[in-house]
Amino acid sequence: MNKMRNTLGAALAAAACSLVLSACGKGAAPATPAASATPPTALAAPADAKVAKIFGSTCKSCHAVPASGAPQAGDAQAWAPRVAQGKDTVLNHIINGYKGMPPMGMCMQCSEDDFVAVTEYMSGAKLQ
Amino acid sequence: MSLTRRDLIKHAAALGLLGAGGGVAQLAQAASSRIIPWRNWSGGQACIPEARVAPEDEASLAELVRGTKGEIRAVGSGHSFSPLVPTDGTLLSLSNMSGLIGADAQTLQSEFWGGTRVADMGEPLLKAGLAMLNMADIDYQTIAGAISTSTHGTGPKFGSYSSTVVGLRLVTASGDIIDCDAAKHPEIFNVARVSLGALGIITRVRLQNRKAFRLHEKMWVQKTEELLEDMPRLIKENDHFEINPVLHSDVAVATATNETTDPHTRPNPGGGDGDAVARLMELNTYARNHPKVQAALLNFFLKHFPVTEVVDDSFRVFAHVRDQRFNEMEYELPAEAGPACVREILKTVREQNLDSFFPLEYRYVKGDDIPLSMFEGRDTCAISVHQDYRLDYHNFFSQIEPIFWKYDGRPHWGKLHTLNHNQFSKLYPRFKDFLEVRAALDPGGKFLNGHLRSVFGVSC
């Protein structure tokens, strides 16, 4: 009983500390690297007009806003662990939504190929 | 989601791959790609439409509408939680029709393409020396979607986005293009300002704006009861005011936002609400079986929430990054009923130890004269409850919804509710006005899905 009480107490203390740290803007680092405050390199506009249009009308709402916590376009370090999960997983997360990522990235008419192309543009890596 | 061979063949047939003689190669290609379902922002609504289209311009949109026999539903950014969008027919996005069309410094009015996201309106308006009169806390919506559901911000002197519409262009079921405003087709304009996408496709929206301005936002934590007691003064002395009572606690986050001439910018420090919500979720997980401990911890630690202040251009202050997805129910009550209703909700959550941790949202909106607006005929208090998108919301929302009914609430069109035509015809004195215009413009129900047939009580 005492052990259970201690465990509960420790858990509550951890959650409470976490809560107050978060309130002060010092939350613990998430498991997956979030966006850097500023992308390390300025990303050139997409060469493909369709990718440019999709990125400009949907993706940039989060992937060009560091406050969103989403991996930023051009931040290869933040994208690396996502890309490493493979094309099928990345597509599944895009199409069905994952954590903060809304389903379809809010691109209502995008095809699978569109999602791949715009992800490869933002990550600077080829999805395998 | 798994699809059967029959689903795949049915879908391929819908795409014309079989009937058009596309042959095995095309079918094989279709089989190699997954069928992409549509889901809303929270993931709570889904459908597999026969077609997903995004016309390049009004002419091709009108042609498409004219030539489509089945159902068409317009989709904006998919931020509605209610089933306004799901369709087996054609899902139509206006994403290729976005941006500022023009702005007039004399009339302080602007015109935008319907597919423009509200988040993309502030900058071009500022360049034209203009700004929206008021804005919602979330700006992911498209302007056509936002006015179709009477989306709103807070402030008893400010109406919803719909109340600022001075003209719009509609592509009707017959493919006709109608421009309407107070002088031209006023009977259509009157109801089209809030139409749930049931009158046609709104391709252009003309808005009443004002000169560009700056805002000062102050956010702090205080006892909920003190804030409710002081509410008449707080909403009188602040341009925009809202509170977010934290469930299972005695405190709320208060936000007061006022126009300022202060030229010194104190930008939003950045970061969404994800970390804070995650911490509340952790605490709820660990402590929800010990309600008194949970309340004590929340009350104690939230006292350390720092007072934050932001000064910037209006559109950069109104909207906040909301990166933690959720489902939401919101009702609009007579303004004077707000404090009693929110007290009853908080009491119910505590007494029944309901499993939710998202703070409530409590705001004020000025009344308007639009038949299907939730704010029609009365100044309003808007109260929202939320549930994390990973958790089931049915039990929580079903305990809260009857409280809203008790206070004569009208559900937000874009948020979850369980009402139908029988209730709406009583809640909206001019419901019939809307139904008559809808029946005249779309007698075959091209723009209706199952949810809207239930809302309007029609079977076409």
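Rules used throughout
- Residues numbered from 1 in each chain as written.
- Chains lettered and ligands numbered in written order.
- Predicted model: local features only at pLDDT ≥ 70, side-chain atom pairs only at ≥ 80, totals over all residues.
- Helix = DSSP H or I, 4+ residues; strand = E, 2+ residues; numbered from the N terminus.
- Buried ≥ 20, exposed ≤ 12 C-beta atoms within 10 Å, placed from the backbone.
- Contact = placed C-beta atoms within 7 Å.
- Core = buried A, V, L, I, M, F, W, Y, C linked by C-beta atoms within 7 Å.
- Pairing = 2+ DSSP bridges.
- Axes fitted to C-alpha atoms, helices over the stretch in contact; angles between N-to-C directions.
- Expected span 1.5 Å × (residues − 1).
- Bend = angle between axes of the 7 residues up to and from the residue.
- Arc of directions from axis to C-beta.
- pLDDT = per-residue confidence, 0-100.
- Left-handed = near helix turned anticlockwise from the far one by under 90°.

J.: Can you break down the overall build of chain A residue by residue, with the values?
T.: When its secondary structure is counted, chain A shows five helices and zero strands. What you see in chain A, going N to C, is helices and strands ordered as α-α-α-α-α. Looking at chain A as a whole, 37% of its 128 residues qualify as buried. Residue pairs at least 24 apart in sequence account for 64% of intrachain contacts in chain A once pairs closer than 6 positions are excluded.

J.: Explain unusual backbone geometry to me, using residue names and the numbers behind them.
T.: All names here are of chain B. A positive phi angle, near 60°, is found at Ser150, a position not held by glycine. Owing to 28 C-beta atoms within 10 Å, Ser150 belongs among the buried residues under this scheme. Positive phi, normally seen in glycine, also occurs at His185, with a value near 50°. Considering the arrangement of structural elements, one finds His185 in the loop between strand S10 (177-181) and helix H6 (186-192). His185 sits in the partly exposed class, given 15 other C-beta atoms within 10 Å.

J.: With reference to specific residues and values, describe the nonpolar core.
T.: Among the nonpolar cores identified, the biggest contains 134 residues, and B:Ile143, B:Ile147, B:Ala192, B:Val205, B:Ile345, B:Ile383 and B:Ile400 are the most heavily contacted of them. Excluding anything up to four places from it in sequence, B:Ile147 contacts B:Tyr161, B:Ser162, B:Val165, B:Arg193, B:Val194 and B:Val205.

J.: Outline the sheet that holds strand S7 (residues 109-113) of chain B, supporting the account with residue identities and numerical values.
T.: Residues and elements named next belong to chain B. The strand order across the open sheet built from five strands is S6-S7-S11-S9-S10, with neighbouring strands paired in antiparallel fashion. Each having just a single partner strand, strand S6 (100-104) and S10 make up the two edges of the open sheet. Looking at each pair of strands side by side, their axes are set apart by 10° on average, direction ignored. Here strand S9 (residues 165-171) pairs with strand S11 (residues 201-208) via six bridges, running antiparallel. Paired with Val165 across the bridge in S11 is Leu207.

J.: Break down the interface of chain B and chain A for me, citing the residues and quoting the values.
T.: Taken residue by residue, the interface counts 42 residues in chain B and 30 residues in chain A. Elements supplying a minimum of two residues to the side of chain B that touches chain A: strand S1 (38-39), strand S3 (51-53), strand S5 (90-93), helix H9 (274-287) and helix H10 (291-302) of chain B. Considering each element in turn, the side of chain B that touches chain A owes the most residues, eight residues, to H9(B).

J.: I'd like a description of helix H2 (residues 49-63) of chain A, backed by residues and values.
T.: Residues and elements named next belong to chain A. The end-to-end C-alpha distance of H2, which contains 15 residues, comes to just 18 Å, noticeably less than the 21 Å that a straight helix rising 1.5 Å per residue would cover. Along H2, the sharpest kink reaches roughly 50°, centred on Gly56. Among all positions in H2, only Ile54, Phe55, Ser57, Thr58, Cys59, Ser61, Cys62 and His63 are buried. Buried residues in H2 make contact with helix H5 (112-123).

J.: Explain helix H4 (residues 87-96) of chain A to me, and be specific about the residues and the numbers.
T.: Residues and elements named next belong to chain A. Residues of H4 that are buried: Val90, Ile94 and Ile95. Taken around the axis of H4, the buried residues stretch over an arc of 125°, which confines them to a single face. Buried residues belonging to H4 abut helix H3 (76-83) and H5. Note on H4: the residue one or two positions beyond its end, Gly97, has a positive phi of about 85°.

J.: Which residues make up the pairing of strand S15 (residues 251-260) of chain B, and what values go with them?
T.: All names here are of chain B. As paired elements, strand S13 (residues 214-223) and S15 share 10 bridges and run antiparallel to each other. Following the sheet pairing, Trp220 is matched in S15 by Ala254. Of the strand pairs in this sheet, strand S14 (residues 240-245) and S15 are connected by six bridges, and their pairing is antiparallel. Counterpart to Asn244 in the pairing with S15 is Val253. Where S14 hands over to S15, the hairpin turn is made up of five residues, of which His248 adopts a positive phi near 70°.

J.: Break down the environment of B:Ser110 for me, citing the residues and quoting the values.
T.: All names here are of chain B. Along the chain, Ser110 turns up in strand S7. Taking the C-alpha atoms as reference points, Ser110 and Val310, separated by 200 residues in sequence, lie 27 Å from one another. Non-local contacts of Ser110, meaning those with residues more than four positions away in its chain, are made with Leu100, Gly102, Ala103, Leu125, Ala128, Leu130, Leu207 and Asn209.

J.: Any details on the confidence of the model for chain B? Residues and values, ideally.
T.: In low-pLDDT regions, the fine details of the predicted coordinates are not to be read closely. Per-residue confidence for chain B averages 92 on the pLDDT scale, and 93% of its residues sit at or above 70. With a pTM of 0.88, the predicted complex shows an ipTM of 0.82.

J.: For the packing of H2(A) against H5(A), give the residues involved together with the corresponding values.
T.: Residues and elements named next belong to chain A. Remark: H2 packs on H5, axes separated minimally by 10 Å, with the N-to-C direction vectors making an angle of 65°. Of the two possible hands of crossing, H2 and H5 adopt the one that is right-handed. Residues Val51, Ile54, Phe55, Cys59 and His63 of H2 form the contact with H5, whose own contacting residues are Asp114, Ala117, Val118, Tyr121 and Met122.

J.: An account of the environment of B:His304 is needed here, citing residue identities and associated values.
T.: Following the sequence through the fold, B:His304 ends up in the loop between H10 and strand S16 (308-313). With 44 residues separating them in the primary sequence, B:His304 and B:Thr348 have C-alpha atoms 26 Å apart.

J.: Let's hear about the environment of B:Met132: which residues, and what values?
T.: Summarising the element assignment, B:Met132 is placed in the loop between strand S8 (130-131) and helix H5 (143-148). Those residues in contact with B:Met132 that sit more than four places away from it in its chain are B:Met121, B:Leu125, B:Asn209 and B:Phe315.

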